[in-house]
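Structure assessment
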Amino acid sequence: MSYAAPTQSKPNDAAPAVLAALELTFSRALANTLLMVARQRSNENAGQLSGPKLSSVLAALEGSLGAYLADAEKRLRCVSALQRVGAEYGALLATESVPWVILLGSERDLPVVTEAARTCAQHTGMSVLGQTKLMTATAELARNIVQYAGSGEVHFATFATPSRGVLVVAIDRGPGIPDVEKVMSPKYVSKTGMGIGLQGAKRLADEFTIECKPGKGTTVRLRKYV
Amino acid sequence: MIAVEYATPIIRLYDNFIVALQGGMSDASVDRLRADVTERIGNQTARGLILDVSALAYMDSFVTRAVRDLAVIARLMGVTTVVCGLSPEIAITLIDMGLELPGVMTALNMERALEALFRAREQDANELRSSDAI
């Protein structure tokens, strides 16, 4: 995971803020240990945490969270707290990272997916309108997965080149869409609303690709720029 | 996550039912809301239904369809429906997606929605009166 150069930086040490963010989820002792391990792993043992140092420590922290937090929702909350600290202390924007993979098993997971979309969008500094569009597009993809494939996963990444934005990849191993072109054509009207959902997501996104192998599943990638 | 399906509360105010839609709607909760609303409309005399969507962070095609269906069902039962509280962001997103709420009365907020229902009722009453005069 790599991070772009900081856009604005606060001179002071971010370590207390990072600890405070971790303590929302972990005990104080574990929070201290996690930070220590992350600093060692990114070779930033000494000195103040700021700028690029903070970026690499945060990246190491985010990477290690998966081992401690199995619950996607908790992980999401913790990552977004860390990213807020990063933004506040001028650290980072991931250039192309995949910090979150959210597993979709039922409609109950939808709020987690849309919340992840919102957090990513906020992290890149997207407007409220952009956030709403991204959440809506993500909800369409996620609901399609639940409805037609039963389960799947949604990956989120923020990127900084060529311009800032959020990448959403929705993957399922369901039956696939027999005739993608027909479904995506504006004339298509389905009883279940699948066409409306996918077409809607496409219209809301800046880039939209759909790959489909009948019987093997569907992968939808969409990008939304700030 | 908690595995309990909460029913959306349906509030009665004067002759109107007010439903504030919550985020994270599932197929099951939409079905349940539909059943609850139609049952209440059938059992109790109501003339108006207000669907408040101001608590929603987004409206995808599923939620939009659920709202539209509720409004159409209520209209078929003779109850005027007003949808209120669409945020500017949601309104723009709906238009960008090519979705609309055709044939559904909308209002900026709850107050305006109530006013609209009162006005609609007065108009009805006036029409009744003038037809009596003839």
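Our subject is the structure that appears above.
Computed from a prediction, not measured in an experiment: that's the story for all the values here. (Residues numbered from 1 in each chain as written. Chains lettered and ligands numbered in written order. Predicted model: local features only at pLDDT ≥ 70, side-chain atom pairs only at ≥ 80, totals over all residues. Heavy atoms only, no water.)

**Some remarks on the overall build of chain A**
Counting secondary structure elements, chain A contains 8 helices and 5 strands. Tracing chain A from N to C terminus, the helices and strands come up as α-α-α-α-β-α-α-β-β-α-α-β-β. Considering chain A as a whole, with its 226 residues, one finds that 53% of them fall into the buried category. Here the contacts in chain A between residues at least 6 apart in sequence split such that 64% fall between residues at least 24 apart. Taken as a whole, chain A presents about 10,300 Å² of accessible surface, with 52% of it coming from carbon and sulfur. (Helix = DSSP H or I, 4+ residues; strand = E, 2+ residues; numbered from the N terminus. Buried < 20%, exposed > 50% of the residue type's maximum accessible area, 1.4 Å probe, protein only. Contact = heavy atoms within 4.5 Å. Areas by Shrake-Rupley, 256 points an atom, 1.4 Å probe, with all protein chains shown as cover.)

**A look at the overall build of chain B**
Along its length, chain B carries 4 helices and 5 strands. Each helix and strand of chain B, ordered N terminal to C terminal, gives the series β-β-α-β-α-β-α-β-α. Here chain B has a C-alpha radius of gyration of 16 Å; the compact-globule value for 134 residues is 14 Å, and the two agree. Its C-alpha atoms put chain B at 60 × 35 × 25 Å along the principal axes. Each of the 134 residues in chain B was classed as buried or not, and the buried ones make up 40%. Considering only intrachain contacts with a sequence separation of at least 6, the fraction spanning at least 24 residues in chain B is 76%. Looking at chain B as shown, the accessible area adds up to about 7,300 Å², and 53% of this sits on carbon and sulfur atoms. (Rg over C-alpha atoms; globule rule 2.2 N^0.38 Å.)

**Some thoughts on the nonpolar core**
For soluble globular proteins, the rule of thumb is that nonpolar side chains tend to be buried together. Val18(A), Leu22(A), Leu61(A), Phe156(A), Phe208(A), Leu222(A) and Val67(B) are the most contacted members of the largest nonpolar core, which totals 92 residues. Among the elements that take part in this core, helix H6 (residues 128-149) of chain A stands out by supplying 8 residues, more than any other. Those residues within four positions of Phe208(A) in sequence are excluded, and the remaining contacts are Leu141(A), Met184(A), Leu198(A), Ala201(A), Lys202(A), Val220(A), Arg221(A) and Leu222(A). Among the nonpolar cores identified, the runner-up in size contains 8 residues, and Ile18(B), Ile50(B), Cys84(B) and Ala107(B) belong to it. (Core = buried A, V, L, I, M, F, W, Y, C linked by side-chain atoms within 4.5 Å.)

**Structural notes on the interface of chain B and chain A**
For an interface, size is often stated in terms of accessible area lost upon the parts coming together. At the junction of the two partners, chain B supplies 26 residues and chain A supplies 25 residues. Viewed at the interface, chain A and chain B are joined by 2 salt bridges. Across the salt bridge formed by Arg143(A) and Asp60(B), the nearest N and O atoms sit 3.0 Å from each other. On inspection of chain B and its partner chain A, the count reaches 6 residue pairs in polar contact (both at pLDDT 80 or more). Counting residues per element, the ones that place at least two in the side of chain B that touches chain A are helix H1 (27-43), helix H2 (61-76) and helix H3 (88-97) of chain B. The dominant element in the side of chain B that touches chain A, judged by the number of residues it contributes, is H3(B), at 6 residues. Looking at the side of chain B that touches chain A, its residues break down into 15 nonpolar, 5 polar and 6 charged. (Salt bridge = Lys/Arg side-chain N within 4 Å of Asp/Glu carboxyl O. Polar contact = N/O pair within 3.5 Å; in protein donor to acceptor, adjacent residues only side chain to side chain. Nonpolar A, V, L, I, M, F, W, Y, C, P; charged D, E, K, R; others polar.)

**With respect to the packing of aromatic side chains**
Residues and elements named next belong to chain A. Evaluated as defined, the whole model comprises 2 aromatic pairs over all chains. The interplanar angle of 85° and the centroid separation of 5.7 Å between the aromatic rings of Phe159 and Tyr225 together place this pair among those described as edge-to-face. With Phe159 in strand S2 (residues 152-159) and Tyr225 in strand S5 (residues 217-225), the pair connects residues that are 66 residues apart, well separated along the chain. A residue is classified by how much of its surface remains accessible, and Phe159, at 0% relative accessible area, is buried. Lying across the ring of Phe159, Arg223 places its NZ or CZ 4.6 Å from the centre. (Phe/Tyr/Trp six-rings, centres within 6.5 Å; stacked < 30°, edge-to-face > 60°. Lys NZ or Arg CZ within 6 Å of the ring centre and 35° of its normal.)

**Comments concerning the environment of Leu198(A)**
Residues and elements named next belong to chain A. Position of Leu198 among the secondary structure elements: in helix H8 (residues 194-204). A sequence separation of 15 residues divides Leu198 from Val183, and the C-alpha atoms of the two residues are 8.1 Å apart. Apart from the residues lying within four places of it in its own chain, the contact partners of Leu198 are Leu141, Asn144, Ile177, Val183, Met184, Phe208 and Ile210.

**Some thoughts on the side chain of Thr114(A)**
The topology assignment puts Thr114(A) in helix H5 (residues 110-124). A polar side-chain atom of Thr114(A) sits 3.1 Å from the main-chain carbonyl oxygen of Pro111(A). If we ignore the near neighbours within four places in the chain, the residues touching Thr114(A) are Met135(A), Ala139(A) and Tyr58(B).

**Brief notes about the pairing of strand S1 (residues 100-104) of chain A**
All names here are of chain A. The alternating pattern of S1 places Trp100, Ile102 and Leu104 on a buried face, while none of Val101 and Leu103, on the opposite face, is buried. As judged from the 5 bridges shared by S1 and S2, these two strands associate in the antiparallel manner. Residue pairing in the sheet places Trp100 in a bridge with Phe156 of S2. (Pairing = 2+ DSSP bridges.)

**Topic: H1(B)**
Residues and elements named next belong to chain B. Taking 1.5 Å as the rise per residue, H1 with 17 residues should run 24 Å; its terminal C-alpha atoms sit 24 Å apart, in good agreement. For H1, the set of buried residues is Ser29, Val30, Leu33, Val37 and Ile41. The buried residues of H1 all sit within an arc of 100° when viewed along its axis, so they share a single face. Seen from the buried face of H1, the exposed residues on the opposite side, beyond 90 degrees, are Gly42 and Asn43. In this structure, the buried side of H1 is in contact with strand S1 (10-13), strand S2 (16-20), strand S3 (48-52) and H2. (Expected span 1.5 Å × (residues − 1). Arc of directions from axis to C-beta.)

**A short note on the packing of H1(B) against H2(B)**
Residue and element names in this part refer to chain B. Running from N to C, H1 and H2 point in directions that differ by 15°, and their axes come no closer than 11 Å. In terms of orientation, H1 and H2 fall into the roughly parallel class. Crossing handedness for the pair H1 and H2: right-handed. Contact with H1, carried on its side by Asp27, Val30, Leu33, Arg34, Val37, Thr38 and Ile41, involves Phe62, Ala66, Asp69, Leu70, Ile73 and Ala74 of H2 and no other residues of that element. Of the residues in the contact of H1 with H2, the class split is 9 nonpolar, 1 polar and 3 charged. (Axes fitted to C-alpha atoms, helices over the stretch in contact; angles between N-to-C directions. Parallel < 35°, antiparallel > 145°, perpendicular 65-115°, else oblique. Left-handed = near helix turned anticlockwise from the far one by under 90°.)

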